[in-house]
Amino acid sequence: MNKTLIITGGAGFIGSHVVRLFVTKYPDYRIVNLDALTYAGNLENLADIQDAPNYVFEHADITNAARMQELFAQYRPDGVIHLAAESHVDRSIESPLDFVITNVIGTVNLLNAARQQWKGAFEGKRFYHVSTDEVYGALGAEGLFTEQTPYDPHSPYSASKASSDHFVRAYHDTYGLPVVITNCSNNYGPNHFPEKLIPLCIHNIINNKPLPVYGDGKYTRDWLFVKDHARAIDLVFHEGKNGDTYNIGGFNEWQNIDLVQLLCKQMDEKLGRPEGTSAQLITFVKDRPGHDLRYAIDAGKINRELGWLPSVTFEQGLSLTIDWYLANEEWLRHVTSGAYQQYYAAQYQVQS
Ligand SMILES: NC(=O)c1ccc[n+]([C@@H]2O[C@H](COP(=O)([O-])OP(=O)(O)OC[C@H]3O[C@@H](n4cnc5c(N)ncnc54)[C@H](O)[C@@H]3O)[C@@H](O)[C@H]2O)c1
């Protein structure tokens, strides 16, 4: 094998797309998927590539510093792509400390393991930290987040991601660790756990259940198809400048209510229901505390410097996403019933 990469959080939503892309595109790279398989980790996401000769799964927790040191010594990675995190804002409001432990301490454990393994011989090495646009706080009706926007996180989730970003930069500035960071907007696409807006609405429309929309539905987000995020990660991993940050976004802002309406329209067409049927399920619910009004990202730098652009429009990406959920109802049923958590034990013949 030419290179070994450790990808953390590879059983999660975005991580599984990144792992698949790297395993299939780079058969001469050994890809180690390091994941603790929390409620958000699902190895069924990777069933199609689990037997690839260049793929290895390691069931491990990034909060365990000693285990990280051991695994880095065992695999001697050339690169790390770090996606493992607690990622759901609502859960961070319930249990902020879990987010500090995984997102901050877990990241520092990985930085320490990389530093110890590489021992200052940084040629050809790279630590890639995957972060979010939520670290920049909220925007009013105008403006975009650039790489120079000061950090101003508002939720325990975004505060923990902001903190981990600072540690990654500090390890670059203090120890010379070769790092790169990307801050991306909201992702959507296949394999998304149905606690997030788009898969939740798809699941509820299929089952004729209410579609919860926070507040007055005017919250605005930028949306990116997950496979375009994975393509951007591939590009930045190979061509990004050491120590730099790149924003990644879809050039695609939507108010939540308009997005849900579009989703209802596409679902009615695909399910053969009269137009307007699914929209009747829309239910406005009490707002989440500290809810940021608008996020919008300027992805101009990655476009200018590395030539990246999204490959699909939102309408196309949404249609592909709905088709995937309709074709994979069993995946959805396993995830919503919790049955996916037995997959690891059955597949790998061990206790999960
Ligand atoms: N989803 C988005 O829209 C979005 C946008 C921008 C950035 N991000 C960032 O991308 C990354 C991946 O997000 P996602 O939506 O795929 O998340 P996810 O919740 O779907 O997956 C997270 C994965 O990390 C694993 N994990 C959690 N705690 C762990 C631990 N202690 N040790 C090892 N593995 C652990 C989980 O098992 C899961 O497989 C996160 O860092 C997130 O902050 C997400």
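Residues numbered from 1 in each chain as written. Predicted model: local features only at pLDDT ≥ 70, side-chain atom pairs only at ≥ 80, totals over all residues. Heavy atoms only, no water.

## Focus: the site of the ligand
And then number 1: In the neighbourhood of the ligand, 29 residues make up the surrounding shell, with Ile14, Asp35, Ser87, Tyr157 and Lys161 lying closest.
And then number 2: In this structure, an oxygen atom belonging to the ligand sits 2.5 Å away from a side-chain N or O atom of Asp35.
And then number 3: Within the backbone of Leu83, one N or O atom sits 2.9 Å away from an oxygen atom of the ligand.
And then number 4: Relative to its unbound accessible area of 830 Å², the ligand is 96% covered by the protein chains.
And then number 5: For the shell around the ligand, the secondary-structure elements that each account for two or more residues are α1 (13-25), β5 (126-132), α5 (156-175) and β7 (186-188).
And then number 6: In terms of residue count, the dominant contributor to the shell around the ligand is β5 (three residues). (Near = heavy atom within 4 Å. Polar contact = N/O pair within 3.5 Å; in protein donor to acceptor, adjacent residues only side chain to side chain. Areas by Shrake-Rupley, 256 points an atom, 1.4 Å probe, with all protein chains shown as cover. Helix = DSSP H or I, 4+ residues; strand = E, 2+ residues; numbered from the N terminus.)

## Re the environment of Gly10
And then number 1: With respect to the helices and strands, Gly10 occurs in the loop between β1 (3-8) and α1.
And then number 2: Given a relative accessible area of 0%, Gly10 falls into the buried group.
And then number 3: Aside from chain neighbours lying at most four places away, what touches Gly10 is Gly15, Ser16, Val19, Asn33, Leu34, Asp35 and Leu46. (Buried < 20%, exposed > 50% of the residue type's maximum accessible area, 1.4 Å probe, protein only. Contact = heavy atoms within 4.5 Å.)

## Regarding the packing of aromatic side chains
And then number 1: All told, the structure shown has 16 aromatic pairs when counted by the stated rule.
And then number 2: For the pair Tyr188 and Trp223, a centre-to-centre distance of 6.5 Å together with 70° between the ring planes defines the contact as edge-to-face. With Tyr188 in strand β7 and Trp223 in strand β9 (residues 220-225), the pair connects residues that are 35 residues apart, well separated along the chain.
And then number 3: In this structure Tyr188 comes out as buried when scored by relative accessible area, which is 1%.
And then number 4: Where Tyr188 meets Phe314, the ring centres are 5.1 Å apart and the plane angle is 85°; that geometry is what we call edge-to-face. Of this pair, Tyr188 sits in strand β7 while Phe314 is found in helix α10 (residues 314-327), placing the two residues 126 residues apart along the sequence.
And then number 5: Looking at Phe314, the relative accessible area reads 4%, which means it is buried.
And then number 6: Taken together, Tyr188, Trp223, Phe225, Trp254 and Phe314 form an aromatic cluster joined through their ring pairs.
And then number 7: Above the ring of Tyr39, the side-chain terminus of Arg91 is found at 3.4 Å from the ring centroid.
And then number 8: The ring of Tyr246 is capped by Lys301, whose NZ or CZ atom sits 4.6 Å from the centre of that ring. (Phe/Tyr/Trp six-rings, centres within 6.5 Å; stacked < 30°, edge-to-face > 60°. Lys NZ or Arg CZ within 6 Å of the ring centre and 35° of its normal.)

## Overview of the pairing of strand β6 (residues 179-184)
And then number 1: Judged by how many residues are buried, β6 sits mostly within the fold: six of six residues are covered.
And then number 2: Alternating positions in β6 separate into two faces, Val179, Ile181 and Asn183 on one and Val180, Thr182 and Cys184 on the other, with burial throughout.
And then number 3: Pairing of β5 with β6, which is carried by six bridges, proceeds in the parallel orientation. Bridging from a neighbouring strand, His129 pairs with Ile181 of β6.
And then number 4: As paired strands, β6 and strand β10 (residues 245-248) are joined by four bridges and run parallel to one another. Along β10, the bridge assignment pairs Cys184 with Ile248. (Pairing = 2+ DSSP bridges.)

## Things to note about the packing of helix α4 (residues 96-118) against α5
Two quantities define a packed helix pair, namely the angle between the axes and the distance from one axis to the other.
And then number 1: Viewed as axis vectors pointing N to C, α4 and α5 meet at an angle of 15°, and their least axial separation amounts to 8 Å. When the axis of α4 is compared with that of α5, the two are roughly parallel. The hand of the α4/α5 crossing is right-handed. Contacts between α4 and α5 involve Pro96, Phe99, Val100, Asn103, Val104, Thr107, Val108, Leu111, Asn112 and Arg115 from the former and Pro156, Tyr157, Ser160, Lys161, Ser163, Ser164, Phe167, Val168, Tyr171 and Tyr175 from the latter.
And then number 2: Here the residues of the contact of α4 with α5 sort into 12 nonpolar, six polar and two charged. (Axes fitted to C-alpha atoms, helices over the stretch in contact; angles between N-to-C directions. Parallel < 35°, antiparallel > 145°, perpendicular 65-115°, else oblique. Left-handed = near helix turned anticlockwise from the far one by under 90°. Nonpolar A, V, L, I, M, F, W, Y, C, P; charged D, E, K, R; others polar.)

## Focus on a nonpolar patch on the surface
And then number 1: A grouping of Leu97, Val100, Ile101 and Ile105 is seen on the molecular surface, where their side chains present a nonpolar patch of about 330 Å² in accessible area.
And then number 2: With respect to the element layout, Leu97 can be found in helix α4.
And then number 3: Overall, the relative accessible area of 59% leaves Leu97 in the exposed class. (Patch = residues over 30% accessible without salt bridge, like charges linked within 9 Å, V, L, I, M, F, W, Y side chains within 5 Å. Salt bridge = Lys/Arg side-chain N within 4 Å of Asp/Glu carboxyl O.)

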